[in-house]
Every structure is written in C-alpha cells, then in structure tokens.
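# Working through the structure, step by step
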Amino acid sequence: MHGEIVPYYQPIVNGDTGGLYGVEVLARWKHPKSGFIPPDVFIPIAERSGLIIPLTKGLMAKVVNQLKPLLPKLPDGFHIGVNISARHINAPSFIGDCRVFGKGFQGKEVKLVLEVTEREPLIDNPHLVENLNTLHNAGFVIALDDFGTGYSNLLMLSVLPAKELKIDRSFVSGSHRSEKDAALVEAMLLVARRLQLRVVAEGVELSEQALQLTQWNPDIVLQGMLLGMPMPQQRWLVEVLGEPDAAAKI
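In this text, all values refer to a predicted model and were calculated from it rather than measured experimentally. (Residues numbered from 1 in each chain as written. Predicted model: local features only at pLDDT ≥ 70, side-chain atom pairs only at ≥ 80, totals over all residues. Heavy atoms only, no water.)

## Some details on the overall build of the protein
Within the protein, the regular secondary structure consists of 11 helices and nine strands. Taking 2.2 N^0.38 as the reference for a compact globule, 250 residues should give roughly 18 Å; the C-alpha atoms of the protein span a radius of gyration of 18 Å, in line with that estimate. Dimensions of the protein, computed from C-alpha atoms along their principal axes, come out at roughly 45 × 45 × 40 Å. Looking at the protein residue by residue over its 250 residues, the buried ones come to 49%. Long-range contacts, defined as pairs at least 24 residues apart, comprise 65% of the intrachain contacts of the protein with a sequence gap of at least 6. Carbon together with sulfur atoms contributes 53% to the accessible area of the protein, which is approximately 12,000 Å² in total. With 24 positive and 27 negative side-chain charges, the protein shows a spacing of 6 Å between the two charge centroids. (Helix = DSSP H or I, 4+ residues; strand = E, 2+ residues; numbered from the N terminus. Rg over C-alpha atoms; globule rule 2.2 N^0.38 Å. Buried < 20%, exposed > 50% of the residue type's maximum accessible area, 1.4 Å probe, protein only. Contact = heavy atoms within 4.5 Å. Areas by Shrake-Rupley, 256 points an atom, 1.4 Å probe, with all protein chains shown as cover. Lys, Arg positive; Asp, Glu negative; His and termini not counted. Charge placed at Lys NZ, Arg CZ, Asp CG, Glu CD.)

In structure tokens, the structure reads:
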C-alpha cells in the first residue's frame, strides 16, 4: 500500500442554504495493477493488522499538502473530517499525530473533525476516552460516525466528548418511505438537539430525502451523492471550489 493510498474528498453542505460546509476525507487505494480496491475490502484488513495507523498518518500528510495551499480560498469554519479507528486512538502516537495534522492548517480558521468509527468498542477503554478528551480540549471536533450501527449506543454520547453526530446512510436511505426509519431518524435528531450536537446525515441520494431532513432540522448538514461524490483533489477543485486553474498552480 506504500504511497498508493490517496485522499478523496466528499463535499458536505448546509441543509438550509446549500452552501459548502466542509469535506470528509476518504481513503482510496489505487493499486498499480488491480486498479481501485474498494475501501470496505482494505480498511478492515488494515485495522486488524495495525496498518491502519501508518495508513491514516500518511493520509493526513497528503491532505495537508493538498489543502494547505488552498486555505485562503476556503470559508472560515470549513470542516475537514478524517476517519479515525479505535486502534489508532489508543496508540501512543495518536495525540502527536493529530497535533502534527492540526499544525498543517495554522493560520486559517478551519475545524478539524475526527470521525470516530465504531467497528470496535470504544467506551470500555478509559485511555481511549482520555485521548479523545485531550484533543477535544485542544480544539478538535469529535464526531460519532455511522451512528446507530456497529458498537454505537446512547451511552457513548454521555461518555465521549462528541460535538457531532453522523447518522448512518442505512437510516437515511429509507427515511422518506419507511415510517420506522423516519421515526428512528427523528429520534436521533431529537436526542442530538437536546445534547446540542451538530448532525450530519450521510447517504443523501434523493431530493426527497434532503427536503424531509431539512424540514425536521433546518440546521442539519447533508452528505451524499445528491450533493457530490467522493473525488480526487483536482476534480474537487474544479467542481466544488470552481477553481479550474488552481490545480496547475499547486
């Protein structure tokens, strides 16, 4: 995988205005012979083997190199989300890795979001919770990714310093046609509102879904194919930032 993992950027937009809110950084493996390897194939392997840590550190470095020259063009408060595994959070290098990532964006008011994946238990490890609290106090935004799946539960909302909740696409996809899914999404939105959490709805693919979600919560943030697909830096510059010549200047 050395040097073959590249960042793709998926735009995230404000539900009420449609304005650009930020991006989620997604790892893509471009194999020289096999082409692109699906992330649901290589990410679990990387997590089990421990390779997820150097993979994430390398991805962070590439994101800094690609986005730092663009900081003057990004709106204040621009969110940059990176997925972080439980194994990495518990590693001795984790806080240092994140601080190095943060220093790469000094001089611009951006929000660096650590999207905590919940494929492994989180709250059973006090050291892990302590590390997330340290970074929260240092200005990083802690987000619970794919909420409602994996090991996620309501207890995590009281134990972890989360400021953002990402509703999994499996709930969003059926919310406009299934009363049960709609009720579950509304319940998540109510909990988030009471806890003053920002909500990101993942997997928004239809205008009906976007309309319903914004009716339930005008402050919701939307992510999905309807708003923009994951794309490499050069394409993102053109399609999202409207900078056709920016890639040539970097």
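Right, picking up where we left off after that structure.
## Here we look at the packing of aromatic side chains
According to the stated counting rule, one finds five aromatic pairs in the structure shown. When the centroid spacing of 5.9 Å and the interplanar angle of 75° are considered together, the rings of Tyr8 and Phe36 count as edge-to-face. Taken together, the residues span a long stretch of sequence, with Tyr8 in strand 1 (residues 5–14) and Phe36 in strand 3 (residues 35–37) at a distance of 28 residues. (Phe/Tyr/Trp six-rings, centres within 6.5 Å; stacked < 30°, edge-to-face > 60°.)

## Some details on the pattern of salt bridges
Evaluated as defined, the whole model comprises five salt bridges. Note that Asp97 and Lys57 form a salt bridge whose closest N and O atoms lie 3.7 Å from each other. With Asp97 in helix 4 (residues 94–103) and Lys57 in helix 2 (residues 52–67), this residue pair connects regions lying 40 residues apart in the sequence. Residue Asp76 pairs with Lys108 through a salt bridge whose shortest N-O separation is 3.4 Å. Placement of Asp76 in the loop between helix 2 and strand 4 (78–84) and of Lys108 in the loop between helix 4 and strand 5 (110–116) is noted, with a sequence separation of 32 residues between them. With relative accessibility at 57%, the residue Asp76 sits in the exposed group. Linked through salt bridges whose partners overlap, the residues forming this network are Glu24, Glu115, Lys166 and Glu202. (Salt bridge = Lys/Arg side-chain N within 4 Å of Asp/Glu carboxyl O.)

## Looking at the nonpolar core
Where a protein is soluble and globular, its nonpolar side chains tend to be buried together. Counting 69 residues, the largest nonpolar core has Phe105, Ile167 and Trp236 as the members making the most contacts within it. Among the elements that make up this core, the one with the highest residue count is helix 2 (eight residues). Leaving out residues up to four positions away in the same chain, Phe105 has contacts with Val63, Val64, Leu67, Lys68, Leu71, Ile80, Val110 and Leu112. (Core = buried A, V, L, I, M, F, W, Y, C linked by side-chain atoms within 4.5 Å.)

## Digging into helix 8 (residues 179–194)
Its 16 residues give helix 8 an end-to-end C-alpha distance of 22 Å, which sits within 8% of 22 Å, the value for a rise of 1.5 Å per residue. Along helix 8, the residues classified as buried are Asp181, Ala182, Val185, Met188, Leu189 and Ala192. Take helix 8 and look down its axis: the buried residues cluster within an arc of 125°, on one side only. Facing away from the buried surface of helix 8 by more than 90 degrees, the exposed residues are Glu179, Lys180 and Arg194. (Expected span 1.5 Å × (residues − 1). Arc of directions from axis to C-beta.)

## With respect to unusual backbone geometry
In the Ramachandran plot, Asp146 falls in the positive-phi region, its phi being about 50° despite a non-glycine side chain. With respect to the helices and strands, the residue Asp146 is situated in strand 6 (residues 141–147).

## Focus on the side chain of Thr214
Along the polypeptide, Thr214 turns up in helix 9 (residues 207–216). Among the residues examined, Thr214 registers a relative accessible area of 18% and is labelled buried. Polar side-chain contacts of Thr214 include one of 2.9 Å to the backbone oxygen of Ala210. In this structure Thr214 touches Gly15, Ile220 and Leu222, once residues within four positions along its chain are discounted. (Polar contact = N/O pair within 3.5 Å; in protein donor to acceptor, adjacent residues only side chain to side chain.)

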